[in-house]
Amino acid sequence: MAEWLKDVEPLTLKGRIAVPYSWWVGDTGSRFLMSLRDDRKILGTKCPSCGTVFVPPRKNCGRCFVDIEEWVEVAAEGVIEAHTIVHYAYPVQPVKPPFAYALIKLDGTDVGFLHLIKKDLDKIKNGLRVKAKFKEERTGSILDIDSFELI
Ligand SMILES: [Zn+2]
């Protein structure tokens, strides 16, 4: 610690910033979200070099540095690889706590897909199987999948 900092009181200021924004999710993101909205299907992309299936889909493989053009439908079910249960409410959260963020490896994919679990929080364990629950009214959002539920 610098010598001059020893006499500095660590003051903080509280504030709030609201910044409305919108952005184009790109052609890959649009196709993914349209599939959730219109067909209740989860699509991924498959690297032509290493075969990795990405969900959410990626336009290129960060491992092989190649473009990806192959789309694959993956299961709406998978395994919880990691999770954390949220009890603390914070404005940027997608839903009111308590809920869990879970990294889910969907069947047919090679990477974790981050989403929500809202029910049976006391029963969640890594390794358990879950299934996507789609909303009845979908808008083209990642939250068209309402959450995942234990099966
Ligand atoms: Zn690859």
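What you see is a predicted model; the values in this text were computed from it and never measured. (Residues numbered from 1 in each chain as written. Predicted model: local features only at pLDDT ≥ 70, side-chain atom pairs only at ≥ 80, totals over all residues.)

1. As for the overall build of the protein chain
Across its full length, the protein chain holds one helix and ten strands. Shown N-terminal to C-terminal, the secondary structure of the protein chain runs as helices and strands in the order α-β-β-β-β-β-β-β-β-β-β. Taken over C-alpha atoms, the radius of gyration comes to 19 Å for the protein chain, far larger than the 15 Å a tight globule of 151 residues would show. Based on the C-alpha atoms only, the size of the protein chain along its principal axes is roughly 60 × 40 × 30 Å. Across the 151 residues that make up the protein chain, the buried fraction comes to 20%. Sequence-distant contacts, at least 24 apart, represent 47% of the contacts inside the protein chain between residues at least 6 apart. (Helix = DSSP H or I, 4+ residues; strand = E, 2+ residues; numbered from the N terminus. Rg over C-alpha atoms; globule rule 2.2 N^0.38 Å. Buried ≥ 20, exposed ≤ 12 C-beta atoms within 10 Å, placed from the backbone. Contact = placed C-beta atoms within 7 Å.)

2. So, the pairing of strand β1 (residues 42-46)
The element β1 is largely enclosed, with a buried count of four among its five residues. The sheet contact formed by β1 and strand β5 (residues 70-74) spans five bridges and is antiparallel. Residue pairing in the sheet places Thr45 in a bridge with Trp71 of β5. Where β1 folds back onto strand β2 (residues 53-54) in an antiparallel hairpin, the turn is made up of six residues, including Gly51, whose phi is positive at roughly 80°. (Pairing = 2+ DSSP bridges.)

3. Observations concerning the sheet that holds β2
Overall, antiparallel pairing links the three strands, which are arranged β2-β1-β5 in an open sheet. The two strands at the open ends of the sheet, each matched to only one other strand, are β2 and β5. Relative to β2, β1 runs antiparallel, the two being bridged by two bridges. Within the sheet, the bridge partner assigned to Thr45 lies in β2 and is Phe54.

4. Re unusual backbone geometry
Here the amide bond leading from Val55 into Pro56 is cis, since omega sits at -5°, within 30 degrees of zero. Tracing the sequence through the fold places Pro56 in the loop between β2 and β3 (60-61). Between Pro97 and Pro98 the backbone carries a cis peptide bond, its omega angle lying at 0°. Mapped onto the secondary structure, Pro98 falls in the loop between β6 (77-86) and β7 (99-106). Of note in this structure, Phe65 is not a glycine but carries a positive phi near 60°. Examined against the element boundaries, Phe65 turns out to sit in the loop between β3 and β4 (66-67). If you check the backbone angles, Asp120 has positive phi at about 55° while not being a glycine. Looking at the element boundaries, Asp120 is found in the loop between β8 (113-117) and β9 (129-134).

5. Let's talk about the environment of Glu9
Here Glu9 is to be found in the segment before α1 (26-39). In this structure the C-alpha to C-alpha distance between Glu9 and Trp23, which are 14 residues apart in sequence, comes to 41 Å.

6. Brief notes about the environment of Arg63
Tracing the backbone shows Arg63 in the loop between β3 and β4. Sequence separation between Arg63 and Cys47 is 16 residues, and the spatial gap between their C-alpha atoms is 9.4 Å. In this view, Arg63 contacts Cys50 and Thr52; residues no more than four positions away in its chain are not counted.

Functional significance is not addressed by these values, which are geometric in nature.
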